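Listed here are the chains, written in short residue letters.
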Amino acid sequence: QVQLVESGGGWVQPGGSLRLSCVVTGNILTFNVMGWYRQAPGKERELVAAITAGFSTNYADSVKGRFTISRDNAKNTVYLQMNSLKTEDTAVYYCNLHIPASNYDHWGQGTQVTVSS
C-alpha cells in the first residue's frame, strides 16, 4: 500500500521560509511524477510544483523564483523549499505522487502552511 507522509508545515511571518518534506512508502513505479498542490479556504486545489523522476520541474507562475522543488529518488522523498512567503501562500499543502502508466494519483494527508504577521 502506497503512503505519503508530509512534514514541515507551520506558521511563518511574511518574507519567511519553510521547507516541506514528503516521504513515499510502498511499492511504487520508478517512472513517476512527484508534486505539491495546495488548497486555500474557498478555493480549488491547485498545482504548486512538480518534478519528474528525471528531475524536470514545473512551477505555478505565482511561486516561480520563490519556491524550489527537489527529490531524492533513493529515499522516495520530495521536498518543497518555500522562500519569500506571502500571505497568499497560506493553504493546506498536499503531496502528490502521479503514476503516468496508470494515470493514478496518490495523495498525502496535507500539511497546513500559514503566513501571517
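Residues numbered from 1 in each chain as written. Predicted model: local features only at pLDDT ≥ 70, side-chain atom pairs only at ≥ 80, totals over all residues. Heavy atoms only, no water.

Let's shift gears to the pairing of strand 11 (residues 111-115). A one-sided burial pattern is seen for strand 11, the buried positions being Thr-111, Val-113 and Val-115 and the unburied ones Gln-112 and Thr-114. Summarising the sheet, strand 2 (residues 10-12) and strand 11 pair through three bridges and their orientation is parallel. Of the residues in strand 11, the one forming a bridge with Val-12 is Val-115. (Buried < 20%, exposed > 50% of the residue type's maximum accessible area, 1.4 Å probe, protein only. Helix = DSSP H or I, 4+ residues; strand = E, 2+ residues; numbered from the N terminus. Pairing = 2+ DSSP bridges.)

Right, let's get into the nonpolar core. Counting 30 residues, the largest nonpolar core has Trp-36, Leu-80, Met-82 and Tyr-93 as its most contacted members. Counting only elements with at least two residues in this core, the list comes to strand 3 (18-25), strand 4 (33-39), strand 5 (46-52), strand 7 (67-72), strand 8 (77-82), strand 9 (91-99) and strand 11. Among the elements that line this core, the one with the most residues is strand 9, at five residues. If near-sequence neighbours (up to four positions away) are discounted, Met-82 is found in contact with Gly-16, Ser-17, Leu-18, Leu-20, Arg-66, Phe-67, Tyr-93 and Val-113. (Core = buried A, V, L, I, M, F, W, Y, C linked by side-chain atoms within 4.5 Å. Contact = heavy atoms within 4.5 Å.)

What follows deals with the pattern of salt bridges. Taken as a whole, this structure holds four salt bridges when the rule is applied. Between Asp-89 and Arg-38 there is a salt bridge; the shortest N-O distance is 2.9 Å. Remark: Arg-38 occurs in strand 4 and Asp-89 occurs in the loop between strand 8 and strand 9; sequence separation between them is 51 residues. The exposure classification of Asp-89 matches that of Arg-38, with both residues buried. Of the charged contacts, one joins Asp-89 and Arg-66 as a salt bridge, the two residues approaching to 2.7 Å between their closest N and O atoms. Of the two residues, Asp-89 sits in the loop between strand 8 and strand 9 while Arg-66 sits in the loop between strand 6 (57-59) and strand 7, which places them 23 residues apart along the sequence. We classify Arg-66 as buried; its relative accessible area is 10%. Linked through salt bridges whose partners overlap, the residues forming this network are Arg-38, Glu-46, Arg-66 and Asp-89. (Salt bridge = Lys/Arg side-chain N within 4 Å of Asp/Glu carboxyl O.)

This structure, assessed with the given rule, holds one disulfide. A sulfur-sulfur distance of 2.1 Å marks the disulfide that ties Cys-22 to Cys-95. For the disulfide bridge between Cys-22 and Cys-95, the dihedral angle about the S-S bond is near -85 degrees, and by the sign convention the bridge is left-handed. Taken together, the residues span a long stretch of sequence, with Cys-22 in strand 3 and Cys-95 in strand 9 at a distance of 73 residues. (Disulfide = S-S within 2.5 Å.)

Every other side chain in a regular strand lies on the same face of the sheet, so the side chains alternate between the two faces. In the sheet, strand 4 pairs with strand 5 via six bridges, with the strands oriented antiparallel. Within strand 5, the position partnered with Gly-35 by the bridge is Ala-50. Where strand 4 folds back on strand 5, the antiparallel hairpin that results is connected by six residues, among which Gly-42 adopts a positive phi of roughly 80 degrees. Of the pairings in the sheet, the one linking strand 5 to strand 6 comprises three bridges and is antiparallel in character. Residue pairing in the sheet places Ala-49 in a bridge with Tyr-59 of strand 6. With antiparallel pairing between neighbouring strands as the criterion, strand 5 and strand 6 make up a hairpin whose turn holds four residues, including Phe-55 at a positive phi of roughly 75 degrees.

By themselves these figures say nothing about function.
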